[in-house]
Amino acid sequence: MVGNYGVPDRNKMDKFGLPAMFESSKIHASGLIVQDYSHNYSHWKAASSLGDWLKEEGVPGLCDIDTRMLTKKIRQKGAMVGRIEVDLNAPPPTSWENPNVARHLVQEVSIKEPKVYGQGNPIKIMGVDCGMKNNMIRLLVDRGCELTVVPWDHPFAADMHKYDGVFLSNGPGDPTYCKETIAQLKQAISVPDSEVKPIFGICLGNQLLGIAAGGEAKKLPFGNRGQNQPVINHATGECYITSQNHGYHIDTTTLGEDYKELFTNLNDGSNEGFIHKSRPYFTAQFHPEYKNGPTDTEFMFDTFLAACKDPKAPVQFPVRRPAPPKPNVKKILLLGSGGTSIGQAGEFDYSGGQAIKALKEEGKEVVLMNPNIASVQTNMDSKSDVSSADHTYFLPVTPDFVEEVIKKEKPDGIVVSMGGQTALNCAVDLYHDGIFDKYNVKVLGTQIKSVIETEDRQLFSDKLHEINEKIAESYTAETIEEAVVAAQKTGYPLMIRSAFALGGLGSGICKDEAHLRENAKKALATSPQILVEKSMLGWKEVEYEVVRDVYDNCVTVCNMENFDPLGIHTGDSIVMAPSQTMSDEEYHMLRETAIRVRMCFDCMHFK
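Residues numbered from 1 in each chain as written. Predicted model: local features only at pLDDT ≥ 70, side-chain atom pairs only at ≥ 80, totals over all residues. Heavy atoms only, no water.

## Side note on the packing of aromatic side chains
Applying the stated criterion to the full structure yields 14 aromatic pairs. When the ring of Phe-22 is compared with that of Trp-53, the centres are 5.4 Å apart and the planes differ by 50°; the resulting orientation is tilted. Here Phe-22 is found in the loop between β1 (7–8) and β2 (32–33), whereas its partner Trp-53 is found in helix α1 (residues 50–57), with 31 residues between them in sequence. Its relative accessible area of 13% is what places Phe-22 among the buried residues. Of the residues examined, Trp-53 reaches a relative accessible area of 17% and is grouped as buried. (Phe/Tyr/Trp six-rings, centres within 6.5 Å; stacked < 30°, edge-to-face > 60°. Helix = DSSP H or I, 4+ residues; strand = E, 2+ residues; numbered from the N terminus. Buried < 20%, exposed > 50% of the residue type's maximum accessible area, 1.4 Å probe, protein only.)

## Focus on the sheet that holds strand β16 (residues 365–369)
Read across the sheet, 5 strands follow the order β17-β16-β15-β18-β19 without closing on themselves; strand pairing throughout is parallel. Every other strand in the sheet has two partners, leaving β17 (391–393) and β19 (442–444) as the edge strands with one partner each. For this sheet, the mean inter-axis angle between neighbouring strands, taken without regard to orientation, is 25°. Taken together, the 3 bridges between β16 and β17 define a ladder with parallel strand orientation. Bridge pairing links Leu-368 to Thr-392 in β17. (Pairing = 2+ DSSP bridges. Axes fitted to C-alpha atoms, helices over the stretch in contact; angles between N-to-C directions.)

## What to know about the pattern of salt bridges
Following the criterion strictly, the structure yields 33 salt bridges and no others. A salt bridge links Lys-218 to Asp-251; its shortest N-O distance comes to 3.0 Å. With Lys-218 in strand β10 (residues 216–233) and Asp-251 in strand β11 (residues 238–251), this residue pair connects regions lying 33 residues apart in the sequence. Classification of Asp-251 by relative accessible area gives buried; the value is 14%. Between Lys-291 and Glu-585 there is a salt bridge, with its nearest N and O atoms 3.0 Å apart. One end of the pair, Lys-291, is in the loop between β14 (281–284) and α8 (299–309); the other, Glu-585, is in helix α17 (residues 584–599), with 294 residues separating them in the sequence. Via salt bridges that share partners, Lys-331, Glu-365, Lys-408 and Glu-409 belong to a single interconnected network. (Salt bridge = Lys/Arg side-chain N within 4 Å of Asp/Glu carboxyl O.)

## What to know about the sheet that holds strand β21 (residues 494–498)
If you trace the 4 strands from one edge of the open sheet to the other, you get β20-β23-β21-β22, paired in antiparallel fashion. For this open sheet the edge positions go to β20 (474–477) and β22 (508–510), each flanked by a neighbour on one side alone. Neighbour to neighbour, the strand axes of the sheet diverge by 30° on average, direction disregarded. In this sheet, β22 lies alongside β21 in antiparallel orientation, the contact comprising 3 bridges. Among the inter-strand pairings, Leu-494 is bridged to a residue of β22, identified as Cys-510. Where helix α15 (residues 480–490) meets the sheet, it contacts β20, β21 and β23 (530–534), and its direction lies at approximately 15° from that of β23. Across the sheet, helix α16 (residues 513–526) lies against β20, β21, β22 and β23, angled at about 10° from β21, the strand it touches most. (Contact = heavy atoms within 4.5 Å.)

## Regarding the packing of helix α5 (residues 134–142) against α8
Where α5 contacts α8, the two axes come as close as 10 Å, and the packing angle between them is 50°. Here α5 is positioned oblique relative to α8, judged by the angle of their axes. Once α5 is placed against α8, the crossing between them reads as right-handed. Every residue of α8 that contacts α5 at Met-136, Leu-139 and Leu-140 is listed here: Phe-301, Phe-304 and Leu-305. Residue classes in the contact of α5 with α8 are distributed as 6 nonpolar, no polar and no charged. (Parallel < 35°, antiparallel > 145°, perpendicular 65-115°, else oblique. Left-handed = near helix turned anticlockwise from the far one by under 90°. Nonpolar A, V, L, I, M, F, W, Y, C, P; charged D, E, K, R; others polar.)

## Topic: the nonpolar core
One recurring pattern in soluble globular proteins: nonpolar side chains tend to sit buried together. Counting 34 residues, the largest nonpolar core has Ile-125, Leu-140, Phe-167, Phe-200, Met-300, Phe-304 and Leu-305 as the members making the most contacts within it. Residue assignment for this core shows that the elements contributing at least two residues are β6 (123–129), α5, β7 (145–151), β9 (199–202), β12 (259–265), β14 and α8. With 6 residues, α8 is the largest single contributor of residues to this core. Judged by nonpolar contacts, the second largest core, of 31 residues, contains Leu-185, Val-191, Ile-199 and Ile-211. (Core = buried A, V, L, I, M, F, W, Y, C linked by side-chain atoms within 4.5 Å.)

## Notes on the pairing of β6
Of all 7 residues that make up β6, 6 are buried, and the element is covered over most of its length. In this structure, β6 lies alongside β7, joined through 7 bridges in parallel fashion. Following the sheet pairing, Val-128 is matched in β7 by Val-150. Sheet analysis places β6 next to strand β8 (residues 165–168), joined by 4 bridges and oriented parallel. By the bridge assignment, Ile-125 is partnered in β8 with Gly-165.

## Overview of the confidence of the model for the chain
Looking at the chain, the pLDDT average stands at 89 and 93% of residues meet or exceed 70. Low confidence marks residues 603–607, where pLDDT is under 50. Its contacts with residues over four positions away, or in another chain, come to 25 contacts. (pLDDT = per-residue confidence, 0-100.)

## A few points about helix α10 (residues 399–409)
Every buried residue of α10 is listed here: Val-402, Glu-403, Val-405, Ile-406 and Glu-409. One face of α10 carries all of its buried residues, which in axial projection span an arc of 160°. Set apart from the buried face of α10 by more than 90 degrees, the exposed residues are Asp-400 and Lys-408. Against the buried residues of α10 lie β15 (331–335), β16, β17, α11 (420–432) and α12 (435–438). Just downstream of α10 lies Lys-410, where phi reads positive at about 55°. (Arc of directions from axis to C-beta.)

## A closer look at unusual backbone geometry
Leaving glycine out, the prevailing phi sign among residues is negative, and the prevailing peptide bond configuration is trans. Tyr-492 connects to Pro-493 through a cis peptide bond whose omega is -5°. Within the secondary structure, Pro-493 sits in the loop between α15 and β21. Omega for the peptide link from Ala-577 to Pro-578 comes to -5°, which places this bond in the cis form. Summarising the element assignment, Pro-578 is placed in the loop between β26 (575–576) and α17. Phi is positive for Asn-440, which is not a glycine, with a value near 55°. Checked against the element boundaries, Asn-440 lands in the loop between α12 and β19.

As structure tokens, then:
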């Protein structure tokens, strides 16, 4: 797969004069070794092949190498020094260059002269460049900063009175080599209280501030490298998904008593940042500037600039609302998926089976109503006593039958989100009829209010407008004539979508008024409402599966891309998971949007 995307245009610049598609002006790796290389690149953003880019920069690339074998060696030995040898008959090397020892990597990559970005902006920040990623500049300037970037060895301590705060960038190599930077930081953090200026360090900046504060930087055996590293914030108890690329970390047990650990990596327990107990000095070992990676910790820049505006105020991090109390229920009714069909297929059968297992592990008595006939929900597992429900009813999932089961079994909880559209619609009817209140049955997981808000096309549209998410121009209609009037605003072709409908039954593209009347008649025969929407026929269709728990943790389980454009029903199209044609920037933009949409509804699972 390496090389499949090609390489974007190196000459395209952004509004700051920085390479628009890159985080640096050059390749910093000495070589690239891959197992498989795609000689034919294919991506809409590509301007050349990966091989051509490597040639431009004089960087060797090798393919058809058993990288799995190399991976095993690294796992056994930790990070290793290596070299590329072209002559297979050459004698073994007598010396090996360790770049962390033989070279001052920060000095190589740091800016040589100070440079100002966002000149005239009100917040004055000094950025110490140890190998600064371009997106750090973008995020600070976009937030109203005049950023003066200075070399790694600049005597900045004497100039701190000119600025509102100091930013320490990421960078390569052993932090102990940056003796000049550490010496300046020791002066900067030792000023009287009246002269304190906020300091925020990322990655190498975290290590440099840690050493200046009396801590010790230690080499990790492998380093933390990747895009989905879980980190916990000790100030709030929240967990974030982060991108990381570092080989050292600060041993916080060696820090002075004025500092405490702020972030910890939940995979290996290594430090991911620390904070001063009374002064606005704090760090992140991970990359909150995220380019390209999860955007979940971008708030760190807002936290830093808030401290720059009021250095005496306590450093504040965003805190989610507390989780609701755990419901005290003993017997739970689960509405099953029924027969397999579009809109409530095998996925609900499987998720329902997993729900039964989880509930049984919690010691709950489970009543299952209308499982799939060829169901994993009713499979008997001789190795486990928690794989099947205690009672099973093969009855239609309608308000009347569900009420009869509630009368007989007397459950104190109900799960409605594991049975597809039929279960959801039935639950809405029961809610409106007051059945849950009448029998004191608590809805678990997805709440009925959220079902209504996501199924009612107008309410859903209103919710998205509340969080400033863009959606297609659309109007709700409850009659054919209302749909015709709405079509005069959207124009033809247009899309109609049925509310509270099985897998979008009744939805489709309408090319003219006659077609609209025909389709609207069919849709309104099974649904109380339709949405008349401006057509996006031919647009790319991408879907994100997001799961959210009671603590407001959101995880994108996967993203999928339809092979066919909009206009072909998902059920009739080839679906690729994960998506293949988007750039990483687009992927994370859509991921952030999916999570934002997910967070504005009080349900457990939203697609």
